[in-house]
Amino acid sequence: MISFAGGLPAPASFPDLSTAAVPRELLQYGASEGEPELRLRIWRELADAGLVCAPEQVLVLSGSQQGIDLVAKMCVDQGTAVALESPGYLAALQVFRFFGARFITLDPDRPQQLLQAPERPALCYVVPTFQNPTGRCHTAAQRERLAHTCMTGGITLFEDDPYRDLVYEPCDLQPVCSHMTSGSWIYQGSFSKTFAPGLRLGFLACSPDLLPYVTRLKQAADLHSNRLSQHLVLQQLQHPHHAQRLMNLRAHYKARRDHFAATLHHALTPYAEWHIPPGGLFFWLRLKTPVDTQALLQRAIAQGVAFMPGEPFFHQPPQDRRNYLRLNFSHASEEETEVGLRILADLLDACISEQPR
Ligand SMILES: Cc1ncc(COP(=O)(O)O)c(C=O)c1O
């Protein structure tokens, strides 16, 4: 199967992890908040990114997906209004929906509309940097406006930022939470995309008012995150070649993105339109002629190609919900990309020509 479906990092990008000299004490239970040295390191990196807080405000997570679960448990009850972008990150939509959220669409250009909504949202979830699925990156003005809206409206801001290190063009990367000079906020990041998702490690920082609740929820969920993973990630972060490794990773994915864009242009221009994502792992395609993307997926799978239909990413499906596809460019090789996109183009051509005129 040639997969453009998941957000899988390239296996070649995984670091060589040395498990030879793991201190024996790491086999014991650890602190719910995370290993102190790792928390300090994350805290320093957050400060470099412009997010100033105390080291105690940083918690290690078992993957940033856990942060979504903990925040939903803390903030969302049956009927709670939650604002988010449409389309938005599918697995966040599913978690919020599970806890009973009612969704309100966040327009990044007009966040102040949230203050006029019939019911003001309690929580605003946003992926401002290389969003999943669209790859779009918020401008500095959009970031400031969103923070201002959350502060004036008493809306808890939940910023999810797993793609910030996978940057290929100059973009504003300053965390929206760094503009929150008052109010409640949670910022989270992940080690999945830059190290390895199998380590299941992420982190969050939050405003002091939320800290006791998030810490207790973390404790209740799993006592603490895997100490071996924390040790391995800290070793990588402290490695003298860490900065160079990140630069190589960006160069590798940028080349993949550019090859994917050129192949898309060659194969799919008659059928779809898209923007070149300035970072992250996905292309978001809008079909020029609507087709049933679920039926297209079944036919693609039968020919050994997988992708994500766009529809499930919308919390309120728009009229044209069936017109979108999300394609991951980091996992398939260049040869697979060429074969896979050609198959998709031929299938789109067949679907369109079969439609009644
Ligand atoms: C926006 C977003 N948030 C969170 C996650 C979960 O990542 P993790 O592997 O850190 O749990 C993903 C994974 O793709 C994602 O795209």
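My aim in this report is to walk through the structure given alongside it, one point at a time. Source: prediction; values computed, not measured.

Rules used in this analysis
- Residues numbered from 1 in each chain as written.
- Predicted model: local features only at pLDDT ≥ 70, side-chain atom pairs only at ≥ 80, totals over all residues.
- Heavy atoms only, no water.
- Pairing = 2+ DSSP bridges.
- Helix = DSSP H or I, 4+ residues; strand = E, 2+ residues; numbered from the N terminus.
- Axes fitted to C-alpha atoms, helices over the stretch in contact; angles between N-to-C directions.
- Near = heavy atom within 4 Å.
- Polar contact = N/O pair within 3.5 Å; in protein donor to acceptor, adjacent residues only side chain to side chain.
- Areas by Shrake-Rupley, 256 points an atom, 1.4 Å probe, with all protein chains shown as cover.
- Nonpolar A, V, L, I, M, F, W, Y, C, P; charged D, E, K, R; others polar.
- Buried < 20%, exposed > 50% of the residue type's maximum accessible area, 1.4 Å probe, protein only.
- Arc of directions from axis to C-beta.
- Contact = heavy atoms within 4.5 Å.
- Patch = residues over 30% accessible without salt bridge, like charges linked within 9 Å, V, L, I, M, F, W, Y side chains within 5 Å.
- Salt bridge = Lys/Arg side-chain N within 4 Å of Asp/Glu carboxyl O.
- Lys, Arg positive; Asp, Glu negative; His and termini not counted.
- Charge placed at Lys NZ, Arg CZ, Asp CG, Glu CD.
- Core = buried A, V, L, I, M, F, W, Y, C linked by side-chain atoms within 4.5 Å.
- Parallel < 35°, antiparallel > 145°, perpendicular 65-115°, else oblique.
- Left-handed = near helix turned anticlockwise from the far one by under 90°.
- Disulfide = S-S within 2.5 Å.

### A short note on the sheet that holds strand β6 (residues 156-160)
- With mixed pairing, the 7 strands of this open sheet are ordered in space as β2-β8-β7-β6-β5-β3-β4. For this open sheet the edge positions go to β2 (58-61) and β4 (102-105), each flanked by a neighbour on one side alone. Neighbouring strand axes in the sheet, compared pairwise and without regard to direction, differ in orientation by 20 degrees on average.

### Structural notes on the site of the ligand
- As a matter of local geometry, the ligand sits amid 14 residues, with Asp-160, Tyr-163, Ser-190, Ser-192 and Arg-200 nearest to it.
- The contact in question runs from an oxygen atom of the ligand to an N or O atom on the side chain of Ser-190, over 2.6 Å.
- Summarising the interface, the protein chains cover 92% of the accessible area of the ligand, which totals 400 Å² for the free molecule.
- When its residues are assigned to classes, the shell around the ligand shows 5 nonpolar, 6 polar and 3 charged.

### A few points about helix α8 (residues 293-302)
- Taken together, the buried positions of α8 are Thr-293, Leu-296, Leu-297 and Ala-300. Seen end-on, α8 carries its buried residues on one side only, within an arc spanning 100 degrees.
- Where α8 begins, one side-chain oxygen reaches toward the backbone nitrogen of Gln-294, 3.0 Å away; that side chain belongs to Asp-292.

### Considerations on the side chain of Thr-293
- Tracing the chain through its elements places Thr-293 in helix α8.
- In this structure Thr-293 comes out as buried when scored by relative accessible area, which is 0%.
- The contact partners of Thr-293, leaving out residues within four places of it in the chain, are Leu-287, Phe-307, Pro-309, Arg-322, Tyr-324 and Leu-325.

### Some thoughts on the sheet that holds strand β10 (residues 282-287)
- Strand order across the open sheet formed by 4 strands is β9-β10-β13-β12, with antiparallel pairing between neighbours. For this open sheet the edge positions go to β9 (272-273) and β12 (308-309), each flanked by a neighbour on one side alone.
- For β12 and strand β13 (residues 324-328), the ladder comprises 2 bridges, and the chain directions are antiparallel. Along β13, the bridge assignment pairs Met-308 with Arg-326.

### Examining a negative patch on the surface
- Taken together, the side chains of Glu-334, Glu-335, Glu-336 and Glu-338 present a region of like negative charge at the surface.
- Considering the arrangement of structural elements, one finds Glu-334 in helix α9 (residues 334-354).

### Some thoughts on the nonpolar core
- In this structure, Phe-4 and Leu-327 are the most contacted members of the largest nonpolar core, which totals 43 residues.
- Mapped onto this core, the elements with two or more residues apiece are α7 (242-268), β10, α8, β13 and α9.
- Take this core: its biggest share by element is 8 residues, from α7.
- Those residues in contact with Leu-327, other than ones at most four positions away along the chain, are Phe-4, Phe-260, Leu-264, Leu-281, Phe-282, Phe-283, Leu-285, Phe-307, Leu-341 and Leu-344.
- The next biggest cluster of nonpolar side chains, apart from the first, holds 36 residues, and it includes Leu-51, Cys-150, Cys-177 and Phe-195.

### Let's talk about the environment of Tyr-187
- When you line up the elements, Tyr-187 lands in strand β7 (residues 185-190).
- Sequence separation between Tyr-187 and Ser-207 is 20 residues; the distance between their C-alpha atoms is 9.0 Å.
- Beyond its immediate sequence surroundings of up to four residues, Tyr-187 is in contact with Leu-46, Leu-51, Glu-159, Asp-161, Arg-164, Pro-175, Cys-177, Phe-203, Leu-204 and Ala-205.
- A distance of 2.5 Å separates polar atoms of two side chains, one belonging to Tyr-187 and the other to Asp-161.

### A word on the packing of helix α2 (residues 64-75) against helix α3 (residues 90-98)
- Close contact between α2 and α3 brings their axes to 9 Å; oriented N to C, the two are set at 25 degrees. The angle between α2 and α3 falls in the class roughly parallel. Seen along the crossing, α2 lies across α3 with a hand that is right-handed. Contacts from Gln-65, Ile-68, Asp-69 and Ala-72 of α2 reach α3 at Ala-91, Ala-92, Val-95 and Phe-96.
- Looking at the contact of α2 with α3 residue by residue, the classes come out as 6 nonpolar, 1 polar and 1 charged.

### What to know about unusual backbone geometry
- In this chain, Ser-86 is followed by Pro-87 through a cis amide linkage whose omega measures 5 degrees.
- The peptide bond linking Asn-132 to Pro-133 adopts the cis configuration, its omega dihedral lying at 20 degrees.
- When you line up the elements, Pro-133 lands in the loop between β5 (123-126) and α4 (140-153).
- With phi around 55 degrees, Phe-130 is a residue other than glycine that occupies positive phi space.
- Mapped onto the elements of the fold, Phe-130 is located in the loop between β5 and α4.
- Unusually for a residue other than glycine, Leu-223 sits at a positive phi of about 65 degrees.

### Here's the deal with the state of the cysteines
- As enumerated under the stated definition, the model contains 0 disulfides in all.
- Of all cysteine sulfurs, the one in Cys-206 lies closest to Cys-75, which takes part in no disulfide; the gap is 10.0 Å.
- Look at Cys-75 and you get buried, because its relative accessible area is 17%.
- The class for Cys-206 is buried, based on a relative accessible area of 0%.

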